[in-house]
Structures are given as C-alpha cells and as structure tokens.
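Chain by chain, the residues run as shown.
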Amino acid sequence: LLVIEKQSGANIYTYSLKEEEFDADLISGFLQAISSFGGEISKKGKEDREGTGYILSYGDNTILLSDSTLIRSALILDTMPSEEIRQKLDKFTKDFEEQYRSVLEDWNGELQPFQSASVLVAKDLELTLLYPHKLTDLGKSVLSGRAPRGIASLTELEKGLVKLVNSIMVTN
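In this numbering scheme, every chain counts its residues from 1 along its sequence in written order. Only residues with pLDDT of at least 70 are given local features in this predicted model, and only at 80 or more are side-chain atom pairs given and counted; all residues enter the totals for whole chains, interfaces and linings. Calculated side-chain values reflect all of the structure's heavy atoms, with hydrogen atoms and water omitted.

Description of the overall build of the protein chain
Applicable threshold: Secondary structure elements are defined from DSSP: runs of H or I of at least 4 residues count as helices, runs of E of at least 2 residues count as strands, and each element is numbered from the N terminus. Only protein chains enter the accessibility calculation, which uses a 1.4 Å probe; a residue is then buried when its area is under 20% of its type maximum, exposed when over 50%, and partly exposed in between. Contacts were defined at the residue level, with two residues in contact if any of their heavy atoms lie within 4.5 Å. Computed by Shrake-Rupley with a 1.4 Å probe, the accessible areas treat only the displayed protein chains as cover when residues are assessed.
Of the regular secondary structure elements, the protein chain holds 5 helices and 5 strands. Counting helices and strands in the order they occur from the N terminus, the protein chain gives β-β-α-β-β-β-α-α-α-α. Buried positions account for 31% of the 172 residues belonging to the protein chain. By sequence separation, contacts in the protein chain at least 24 residues apart represent 50% of the contacts at least 6 residues apart. Carbon together with sulfur atoms contributes 54% to the accessible area of the protein chain, which is approximately 11,200 Å² in total.

Observations regarding the packing of aromatic side chains
In plain terms, the rule: Between 30 and 60 degrees the pair is tilted, below 30 it is stacked and above 60 it is edge-to-face, where a pair is any two Phe, Tyr or Trp rings, Trp via its six-membered ring, whose centres lie within 6.5 Å.
Within this structure, the stated rule accounts for 5 aromatic pairs. Taking the centre distance of 5.8 Å and the plane angle of 20° together, the rings of F96 and F114 count as stacked. One end of the pair, F96, is in helix α2 (residues 83–105); the other, F114, is in the loop between α2 and α3 (118–125), and 18 residues separate them in sequence. For F96, a relative accessible area of 0% corresponds to the buried category. Through a chain of ring-to-ring contacts, the aromatic side chains of Y13, F92, F96, Y100 and F114 assemble into a single cluster.

Brief notes about the confidence of the model for the protein chain
In regions of low pLDDT, the predicted coordinates are not meant to be interpreted in detail. Where we set the bar: A residue's pLDDT is the confidence the predictor assigns to it, expressed on a 0 to 100 scale.
With 66% of its residues at a pLDDT of 70 or more, the protein chain shows a mean pLDDT of 77. Scored below 50 in pLDDT, residues 45–49 shows 3 contacts in the model against residues more than four places distant or in partner chains.

Overview of the packing of α2 against α3
Each pair of packed helices can be described by the angle between their axes along with the distance between the axes. Rules: Interaxial angles span 0 to 180 degrees and are taken between N-to-C directions of axes, which are lines fitted to C-alpha atoms, for helices over the stretch in contact. Crossing handedness: left-handed means the near helix sits turned counterclockwise from the far one by under a right angle, and right-handed means the same turn made clockwise.
Two elements in contact, α2 and α3, have axes separated by 9 Å at closest approach and are oriented at 145°. The handedness of the crossing between α2 and α3 is right-handed. Where α2 abuts α3, its residues K88, L89, K91, F92, D95, F96, Q99 and Y100 lie against L120, V121, K123, D124 and L125.

A word on a nonpolar patch on the surface
Test applied: Grouping into patches uses exposed residues only, defined as over 30% relative accessible area, and leaves out salt-bridged ones; the cut-off is 9 Å for like charges and 5 Å for nonpolar side chains (Val, Leu, Ile, Met, Phe, Trp, Tyr). The term salt bridge refers to a pairing of a side-chain nitrogen on Lys or Arg with a carboxyl oxygen on Asp or Glu at a separation within 4 Å.
Together, L157, L161 and L164 make up an exposed nonpolar region whose accessible area comes to about 310 Å². Inspection of the secondary structure assignment puts L157 in helix α5 (residues 156–171).

Let's talk about the side chain of K88
Of note, K88 is situated in helix α2. Sequence-distant contacts of K88, defined by excluding residues within four places in its chain, comprise D124, L125 and E126.

Comments concerning α3
Applied cut-off: Along the arc lie the directions from the helix axis toward the C-beta atoms.
Buried within α3 are the following residues: L120, V121, D124 and L125. The buried residues of α3 occupy an angular sector of 105° when projected down its axis, which confines them to one face. Of the residues one or two after α3, E126 is the one with positive phi, at around 50°.

Structural notes on α2
The test is simple: At any given residue, the bend is defined as the angle formed between two axes, one fitted to the seven residues that end at that position and one fitted to the seven that begin there.
The largest bend in α2 amounts to roughly 60° and is located at Q99. By the burial criterion, the buried members of α2 are K88, L89, F92, T93, D95, F96, E97, Y100 and L104. The inward-facing, buried residues of α2 abut β1 (2–5), β2 (10–14), β4 (61–67), β5 (71–77) and α3.

As structure tokens, this is what we get:
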C-alpha cells in the first residue's frame, strides 16, 4: 500500500505485507506520471476523479488506485481486486485524508505525522489476517506435547487447528 501526496507525487506512507523490499518512491513517481497522463487525456475535473480511479496490470501485479482531493492510494496486489477491496481502499483513502487533512494542506515534506496511519490500515483494510504468520518455538513445543512447565496443554481440537494452520503455512 502506498499513499501519495498528489501535488508533489511524493510517497508519504508505505505499508507492506511482503518481506521483499521495493522502491516506494520510484513506484510513486511512476503512478504520478501515469495519473497525470490519464488526467490530460480525459480532462475530467478533480471531483470526477475521486474514489477508485483505475486498475493497472504489470506482469504478475495489479495496482488499484483510489483518489481523493489531496492524496492517491495505491494498493499493489497479485490478483485482481474484488469490489469489496475497492470499497475498502476508497474508505481508507477518504479516512486518511480526513485524519491528516491539516498536515496535508500545509505539507512541508515531513513524513513523521503519517506514521500512525497503520491504525487506519488495520481498521479500514483489515489486512492483519494476511500477514505472514509463523508458529513460534513455544507453539511448536506445545503442539508436540513438550510444553514448558506452567503452560497449559492443548485440547485435541486446539492441536488439530494448530496442525492445520501449520500445514497451510508450510505449503504457502
């Protein structure tokens, strides 16, 4: 997820679920150029371009864009976004702009004010279940029946659920 300040095209907030790093500033600049080009072609007014703008496909990735007056949000996915994801990105974009409007209107290049936006990401996009989760050593020991003293043992149902989750994590 990238949040781009529309006037400058600068990346002001990045949120990633993948361990791979990417150049958020380079992608922001690319998206700003594409958006400017699209705006020149369509000549629509700003109010006509708010909300989910468009979807770009590049290689195995799909980029969903959502515009508001001051920012553009870009969600980079490895599948086509559902209507629900589109609506959630629009809500996030609107809420981000509302929460940080005073900072955005007089933005001086400082990124610190936006660092608390992860709360909005969790609330609006509900991405926490998509994190790469890992079973800890403690979880593995409880699952194997060798739990340290003072740690409650799992019921058969709980063990079955942990085994299922563990097998899913191993295969993905």
